[in-house]
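Single-letter residue listing:
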Amino acid sequence: MTNVPSDLRYAKSHEWVRVSGDTAVVGITDHAQHELTDVVFVELPQANRVVKAGEACAVVESVKTASDIYSPVSGTIIEVNSAVANNPSLVNTDPYGSGWFYKIKLSAASEAAALLDPAAYGAQIHG
Amino acid sequence: MLQRTELFEVHQAHGARLVEFGGWEMPVQYTSIMEEHQMVRTKAGLFDIAHMGEVAVRGAGSAAFLNQLLTNNIHKLSVWEGQYTLMCNDLGGVIDDLYVYRIGEHEYLLIVNASRVEVDFAWISQEAARHRGTPLEVENLSNALGAIALQGPASQAFIDGCFDSVTTQPSTLVKNQITSAKLGDETVYVARTGYTGEDGFEIVAPSALLAPMWKRVLEAGASYGCKPAGLGARDTLRTEVCYPLYGHELDETTTPLEAGLGYFVSFDKGGFNGRDTMAAQLSHGVLRRCAAFKMTDKSAPPRPHYPVWSVGPDAALLGEVVSGTLSPTLSMGIGMTYLPIALAQPGTKIEIEIRGRRFPAEVVKKPFYRKAS
């Protein structure tokens, strides 16, 4: 059974969002890292890039595949996690902590509330 | 509808992740490609290769036929020996790469790629028809037989205990030798060979025996850390030792010499299919060659079909990556690509285009990895 923390919101495409005021931190879920297995490379967006919800803005690669990561929310990238770029295995070992991808200043606060809650995401991956 | 080997349900029970490969639904990994790769490099792993094809060639005319059909010299083989070889069309293009084993005075077993079984057997049958008048029989045994591959340095420590009786202890075979053994009353073949760059054995058995054979090997190897390994690790393992994979390094427009496999072409044995093209390449040199490269800066791993560029002010598109991966042993991006001969030398700088950006790479000597001897 994979971990679905209760304080996060989730996209169907397996990203999580931790909202704090008008900013949010984005990463990929425990289920996603488990499906990918060994993450060997993470490509992050440039800081100051403006992204729309649903837009591909990062890439995560395992030995065998490259997968796009879609921003669950719209806004401006204000910080990226250089630690995960230097040590991609953080995505596997700590997907909700040190394996985060980027911080974003939200341009539409209502988007995050419309994402899946933990129960709905849990049902999607375990259903 | 994808084909499944006799081990399909075993893979499901092991929790394998299954993918399409050459028309077959095969396990790409059981736990992780990295773990399975390291397991084979340091201990042992067991692969299902029952998707591969088997063709028997029998009769007093077999050796002469095979020397016309294949590039290597069949007369080098004593009974119970095998060799890597290539089957080419009349222009020297590779129809398939394969292993041929001599399992009787006039009996040979060919192990061919899964994706090429139909093409191969049609070609072999057509070529055999030209040898009418000599005692020769060819038979496609791909459904009747299957194979599993036990690979890794620990393999030799427990291979002998995997059978009910053996003709020769498999652990005493030298590379490319083959012997017969029994599981119950049934005959299986055990060859000291493989495609991972490690010591190991391939076991060819009647299809119905594959599941019990698989179980037997895992039981015998359990205390040595031997577990199932998937095609994902098989691909990273063979890429590190620069072994070609049909459809990547090899196709019908590529000759063995261009692929860097001239060692397996015997020019002194007489005539064989594709000889004229290859002899001309031997005397004038090839125009392009399959080269190995490594990424020299931090980048995503190179992957098949990524564009390959020359460097400098008039950088030109040279071709594409044919095999590419992160090397689990070296922790760097590695790959192979066809380059004009002047650029195929170690030290040449090239660039690999990954998602629209070019990253530096360097041609290196093959292979990337060599097992300690």
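Along each chain, numbering runs from 1 in the same order as the chain's sequence is written. Whichever chain is written first becomes A and whichever ligand is written first becomes 1, with later ones labelled in order. At least 70 in pLDDT is required for a residue's local features to be given in this predicted model, at least 80 for side-chain atom pairs to be given and counted, and no such filter applies to totals for whole chains, interfaces and linings, which use all residues. Side-chain numbers here rest on the full set of heavy atoms in the structure, without hydrogens or water.

## Overview of the nonpolar core
All names here are of chain B. This is how the line gets drawn: To form a nonpolar core, buried Ala, Val, Leu, Ile, Met, Phe, Trp, Tyr and Cys residues must be joined to one another through side-chain atoms within 4.5 Å. When accessible area is computed with a 1.4 Å probe and restricted to protein chains, residues below 20% of their type maximum are described as buried, those above 50% as exposed, and intermediate ones as partly exposed. Helix numbering and strand numbering both begin at the N terminus, where a helix is a DSSP run of H or I of at least 4 residues and a strand a DSSP run of E of at least 2. Here a residue-residue contact requires only that any non-hydrogen atoms of the pair lie within 4.5 Å.
One finds Leu250, Ile350 and Ile352 to be the most contacted residues of the largest nonpolar core, which totals 66 residues. When residues of this core are assigned to their parent elements, the largest contribution, 5 residues, is made by strand E15 (residues 288–295). Apart from residues lying up to four places away in sequence, Leu250 is in contact with Tyr84, Leu86, Val94, Asp97, Pro244, Leu245, Ala259 and Leu261.

## Topic: the layout of surface pockets
Residues and elements named next belong to chain B. Note the cut-off: Every definition here rests on a 1 Å grid over the protein atoms only: cavities are sets of points where a 1.4 Å probe fits but cannot get out, pockets are open sets enclosed by protein on both sides within 12 Å along at least five of seven lines, and lining residues have some atom within 4 Å of a point. Grid points are joined across faces, edges and corners, and a volume is the space filled by probe spheres set on the points. Ten residues, namely Ala, Val, Leu, Ile, Met, Phe, Trp, Tyr, Cys and Pro, are considered nonpolar, four, namely Asp, Glu, Lys and Arg, are considered charged, and the remaining ones, Gly among them, are considered polar. Annotation comment: domain bounds sourced from an automatic or database domain assignment.
Approximately 980 Å³ is the volume found for the largest pocket. Lining the largest pocket are 36 residues, and of these Tyr99, Lys175, Val241, Tyr243 and Phe264 lie nearest its centre. Taken together, the residues of the lining of the largest pocket break down into 16 nonpolar, 11 polar and 9 charged. The two domains that each donate at least three residues to the lining of the largest pocket are domain 1 (8–52 + 144–240) and domain 2 (53–140). As for the second largest pocket, its lining consists of 38 residues, of which Phe21, Arg234, Asp235, Arg238 and Leu245 are closest to the centre. Secondary structure elements with two or more residues in the lining of the second largest pocket: strand E1 (17–21), strand E6 (94–104), helix H7 (231–240) and strand E17 (317–327). Per-element accounting of the lining of the second largest pocket gives the leading share, 6 residues, to H7. When the residues that make up the lining of the second largest pocket are grouped by side-chain class, the tally is 18 nonpolar, 12 polar and 8 charged.

## Some details on the interface of chain A and chain B
Stated formally: Summed over both partners, the accessible surface that disappears when two parts come together, traced with a 1.4 Å probe, is what is meant by buried area. Each salt bridge in this description consists of a side-chain nitrogen of Lys or Arg and a carboxyl oxygen of Asp or Glu lying within 4 Å of one another. In protein, a polar contact means a hydrogen-donor-capable atom and an acceptor-capable atom, both N or O and within 3.5 Å, with residues adjacent in sequence counting only if both atoms are side-chain atoms; elsewhere, any N or O pair within 3.5 Å suffices.
On the chain B side, the residues contacting the 17 residues of chain A number 18 residues. Taken over both partners, the interface formed by chain A and chain B buries close to 1400 Å², and the fraction arising from carbon and sulfur atoms is 49%. The largest share of the area that chain A buries against chain B comes from Phe41(A), Val63(A) and Lys64(A), three residues that together contribute 40% of it. Across the contact surface, chain A and chain B share 4 salt bridges. A salt bridge links Glu61(A) to Arg355(B); its shortest N-O distance comes to 2.8 Å. Linking chain A with chain B are 14 residue pairs in polar contact (both at pLDDT 80 or more), by the criterion used here. Those elements that place two or more of their residues in the side of chain A that touches chain B are helix H1 (30–36), strand E4 (39–43), strand E6 (56–62) and helix H2 (82–86) of chain A. Residue composition of the side of chain A that touches chain B, grouped by class: 7 nonpolar, 5 polar and 5 charged.

## Overview of the pairing of strand E3 (residues 45–48) of chain B
All names here are of chain B. Heads up, the rule is: By definition, two strands form a pair when at least two bridges between them are found by DSSP.
Side chains Gly45 and Phe47 of E3 all project onto a buried face; the interleaved residues Leu46 and Asp48 project onto the opposite face, where all are buried too. For E3 and strand E9 (residues 145–151), the ladder comprises 4 bridges, and the chain directions are antiparallel. Bridge assignment links Phe47 to a residue of E9, and that residue is Ala149. Two strands pair when backbone bridges link them, and E3 and strand E14 (residues 227–228) are joined in this way by 2 bridges, in the parallel orientation. Across the sheet, the residue bridging to Leu46 is Pro228, located in E14.

## Concerning the state of the cysteines
Structurally, a disulfide amounts to a covalent bond that connects the sulfur atoms of two cysteines. Residue and element names in this part refer to chain B. The criterion, for reference: Counting rule for disulfides: a pair of cysteine sulfur atoms within 2.5 Å.
Considering all chains together, one arrives at 0 disulfides over all chains under this definition. In this structure Cys162 is not part of a disulfide, and its nearest cysteine sulfur, from Cys226, lies 8.3 Å away. Residue Cys242 stays outside any disulfide, its sulfur separated by 7.6 Å from that of Cys290, the closest cysteine.

## Let's talk about the domain arrangement of chain B
A common way to report how large an interface is uses the accessible area buried once the components associate. Residues and elements named next belong to chain B. Along its sequence, chain B is carved into domain 1 (8–52 + 144–240), domain 2 (53–140) and domain 3 (287–364). Measuring from the centre of the C-alpha atoms in domain 1 to the corresponding centre in domain 2 gives 24 Å. At the junction of the two partners, domain 1 supplies 18 residues and domain 2 supplies 17 residues. When residues of domain 1 are sorted by the area they lose upon contact with domain 2, Met52, Asn176 and Ile178 head the list and together hold 41% of the total. The tally of links between domain 1 and domain 2 comes to 0 salt bridges. Counting across the interface, domain 1 meets domain 2 through 4 residue pairs in polar contact (both at pLDDT 80 or more).

## Remarks on the sheet that holds E15(B)
Residues and elements named next belong to chain B. Rule in force here: Orientation is described by axes fitted as lines to C-alpha atoms, over the contacting stretch for helices, and by angles from 0 to 180 degrees between their N-to-C directions.
In spatial order, the strands read E15-E18-E17-E16-E19-E20; together these 6 strands close into a barrel with antiparallel pairing. Across the sheet, the mean angle separating the axes of adjacent strands is 40° when strand polarity is ignored. Relative to strand E20 (residues 357–364), strand E19 (residues 349–354) runs antiparallel, the two sharing 6 bridges. Residue pairing in the sheet places Ile350 in a bridge with Ala361 of E20. Sheet contacts for H7: E17 and strand E18 (332–340); angle to E17, the most-contacted strand, approximately 115°.

## Describing unusual backbone geometry
Glycine aside, a negative phi is what most residues show, and trans is what most peptide bonds show. All names here are of chain B. Pro367 follows Lys366 through a cis peptide bond whose omega is -10°. The topology assignment puts Pro367 in the segment after E20. Despite not being glycine, His305 shows a phi value in the positive range, around 80°. Mapped onto the secondary structure, His305 falls in the loop between E15 and strand E16 (307–310). In this model, Arg355 sits at a positive phi of 50°, which is unusual for a non-glycine residue.

## Brief notes about the packing of helix H2 (residues 33–42) of chain B against H7(B)
Residues and elements named next belong to chain B. Heads up, the rule is: These descriptions rest on fixed angle ranges, namely under 35 degrees for roughly parallel, over 145 for roughly antiparallel, 65 to 115 for roughly perpendicular, and the rest for oblique. Left-handed describes a crossing whose near helix is turned anticlockwise from the far helix by less than a right angle; the clockwise case is right-handed.
Following both chains from N to C, one finds H2 and H7 inclined at 55°, their axes separated by 8 Å at the closest point. The angle between H2 and H7 places the two elements in the oblique class. Note that H2 runs across H7; the crossing there is right-handed. Where H2 abuts H7, its residues Ile33, Glu36, His37, Val40 and Arg41 lie against Gly232, Ala233, Thr236, Leu237 and Glu240. Of the residues that constitute the contact of H2 with H7, the class distribution is 4 nonpolar, 3 polar and 3 charged.

## Some details on helix H4 (residues 117–129) of chain B
The α-helix winds at 3.6 residues per turn, so residues separated by three or four positions along the chain end up facing the same way. Residues and elements named next belong to chain B. Inclusion rule: Here the expected span of a helix is defined as 1.5 Å times the quantity of residues minus one. It is the directions from the helix axis to the C-beta atoms whose arc is reported.
Between its first and last C-alpha atoms H4 spans 18 Å; for 13 residues at 1.5 Å apiece the expected length is 18 Å, and the two agree. Within H4, burial applies to Val117, Asp120, Phe121, Trp123, Ile124, Glu127 and Ala128. One side of H4 carries all its buried residues, which in axial view fall inside an arc of 165°.

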